[in-house]
Amino acid sequence: MKKFIIPILLMLLMISACATATPQATPTAVPATSTSVPPTQTALPTDTSVPTAEATQSNEVVTSNISFTNQVLPIFQTYCVECHGGIRTREGLNLASYDGLMFGSFNGVVLIPNNANESLLVQLIQQGEMPNRGPSPSSAELQAIIDWINQGAINN
Ligand code: HEC
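A brief look at the structure comes next. (Residues numbered from 1 in each chain as written. Predicted model: local features only at pLDDT ≥ 70, side-chain atom pairs only at ≥ 80, totals over all residues. Heavy atoms only, no water.)

Points about the nonpolar core
Counting 25 residues, the largest nonpolar core has Phe68, Phe76, Leu101, Leu121, Ile145 and Trp148 as its most contacted members. At the level of elements, α3 (68-79), α4 (98-103), α5 (120-126) and α6 (139-150) are the ones that each hand at least two residues to this core. Once residues within four sequence positions are removed from consideration, Leu101 is found in contact with Phe68, Phe76, Asn94, Leu95, Val110, Leu111, Leu121 and Trp148. (Core = buried A, V, L, I, M, F, W, Y, C linked by side-chain atoms within 4.5 Å. Buried < 20%, exposed > 50% of the residue type's maximum accessible area, 1.4 Å probe, protein only. Helix = DSSP H or I, 4+ residues; strand = E, 2+ residues; numbered from the N terminus. Contact = heavy atoms within 4.5 Å.)

The following block contains the structure:
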């Protein structure tokens, strides 16, 4: 009986030796870390937004940057400049230019960048106070103004 113990011990030793050795011996085939980066599909800028917008916007809201010149200003020209810009600047408010808009009225600013809800200009349109005569901006047009303000109200 005793003569079996030694070979068994030896076997156990060998097995344990192998067991510890194997992890290193077999270089667990490194799963070819999926280096399958798709051929950078740089989504072409859909609209004619200004370069600065691309730089600041990483990948979050790339939906649509509202352009002041191309989208917001035409709304003011259609519905507001009759009284705010050009000949008349009611309440000192000139909506015919970016500077005039940002300057505000005799009473102060009429919009707060990044905060359309607190912007007087938006509130007055929503309440139906402005324009106080003639057709009003459509809901889509009002939304464009709101989005533009919430995107920082930049002169783009
Ligand atoms: C028919 C003339 C008229 C039109 C069109 C008009 N407004 Fe006015 N707006 C006024 C007058 C007058 C006042 C000042 C008295 C008052 O608040 O009603 C005023 C005041 C304002 C004020 C408040 C200024 C302040 O500090 O109290 C804002 C903001 C404003 N208008 C925005 C607009 C916008 C935006 C449009 C276009 C969507 C517009 N208005 C179109 C006549 C007009």
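What follows continues from the structure just given.
As for the coordination of the iron atom of the ligand
Looking at the iron atom of the ligand, one finds its protein donor set to be His84 (NE2) and Met130 (SD), positioned 2.0 to 2.2 Å from the metal centre. Of note is the iron atom of the ligand, whose 6 donor atoms meet at the metal with angles of 86 to 178 degrees in an arrangement that counts as octahedral. Of this pair, His84 sits in strand β1 (residues 84-85) while Met130 sits in the loop between α5 and α6, placing them 46 residues apart in sequence. (Donors = N, O, S within 2.8 Å, 3.2 Å for Na, K, Ca; no water. Tetrahedral: all angles 85-135°; square planar, octahedral: opposite > 155°, others 65-115°.)

Some remarks on the site of the ligand
Taken together, 20 residues sit near the ligand, with Cys80, Cys83, His84, Ser105 and Met130 positioned nearest. At 2.7 Å from a nitrogen atom of the ligand is found a side-chain nitrogen or oxygen belonging to His84. A distance of 3.0 Å is found between an oxygen atom of the ligand and a side-chain nitrogen or oxygen belonging to Asn107. Given that more than half its atoms are within 2 Å of the pocket grid, the ligand belongs to the largest pocket. A total of 4 residues in the shell around the ligand trace back to one element, the largest contributor, which is α5. Of the residues in the shell around the ligand, the class split is 13 nonpolar, 4 polar and 3 charged. (Near = heavy atom within 4 Å. Polar contact = N/O pair within 3.5 Å; in protein donor to acceptor, adjacent residues only side chain to side chain. 1 Å grid on protein atoms, 1.4 Å probe; cavity = no way out; pocket = protein on both sides within 12 Å on 5 of 7 lines; lining within 4 Å. Sits in = over half its atoms within 2 Å of the grid points. Nonpolar A, V, L, I, M, F, W, Y, C, P; charged D, E, K, R; others polar.)

Some points on α3
Think of an α-helix as 3.6 residues a turn; residues three or four steps apart then line up on the same face. Over its 12 residues, α3 extends 15 Å from the first C-alpha to the last, a length consistent with the 16 Å expected when each residue adds 1.5 Å. Burial in α3 covers these residues: Phe68, Val72, Leu73, Ile75, Phe76 and Tyr79. Buried residues of α3 fall within an arc of 145 degrees about the axis and therefore sit on the same side. Each element contacted by the buried residues of α3 is listed here: α4, α5 and α6. Sitting at the head of α3, Ser67 places a side-chain oxygen 3.4 Å from the backbone nitrogen of Thr69. (Expected span 1.5 Å × (residues − 1). Arc of directions from axis to C-beta.)

Regarding the pattern of salt bridges
Evaluated as defined, the whole model comprises 1 salt bridge. Linking Arg133 and Glu82 is a salt bridge whose minimum nitrogen-to-oxygen distance equals 3.2 Å. Of the two residues, Arg133 sits in the loop between α5 and α6 while Glu82 sits in the loop between α3 and β1, which places them 51 residues apart along the sequence. For Arg133, a relative accessible area of 54% translates into the label exposed. Take Glu82: its relative accessible area is 44%, and that puts it in the partly exposed class. (Salt bridge = Lys/Arg side-chain N within 4 Å of Asp/Glu carboxyl O.)

What about the packing of α3 against α6?
Where α3 contacts α6, the axes come no closer than 10 Å and their chain directions differ by 130 degrees. Our classification of the angle between α3 and α6 gives oblique. Handedness of the crossing formed by α3 with α6: left-handed. The residues of α6 that touch α3, namely those facing Phe68, Val72, Ile75, Phe76 and Tyr79, are Glu141, Ala144, Ile145 and Trp148. Tallied by class, residues from the contact of α3 with α6 come to 8 nonpolar, no polar and 1 charged. (Axes fitted to C-alpha atoms, helices over the stretch in contact; angles between N-to-C directions. Parallel < 35°, antiparallel > 145°, perpendicular 65-115°, else oblique. Left-handed = near helix turned anticlockwise from the far one by under 90°.)

Brief notes about α6
With 12 residues, α6 extends 16 Å between its outermost C-alpha atoms, agreeing within 8% with the 16 Å of an ideal straight helix rising 1.5 Å per residue. The complete set of buried residues in α6 reads Leu142, Ala144, Ile145, Ile146, Trp148 and Ile149. Buried residues in α6 make contact with α3, α4 and α5.

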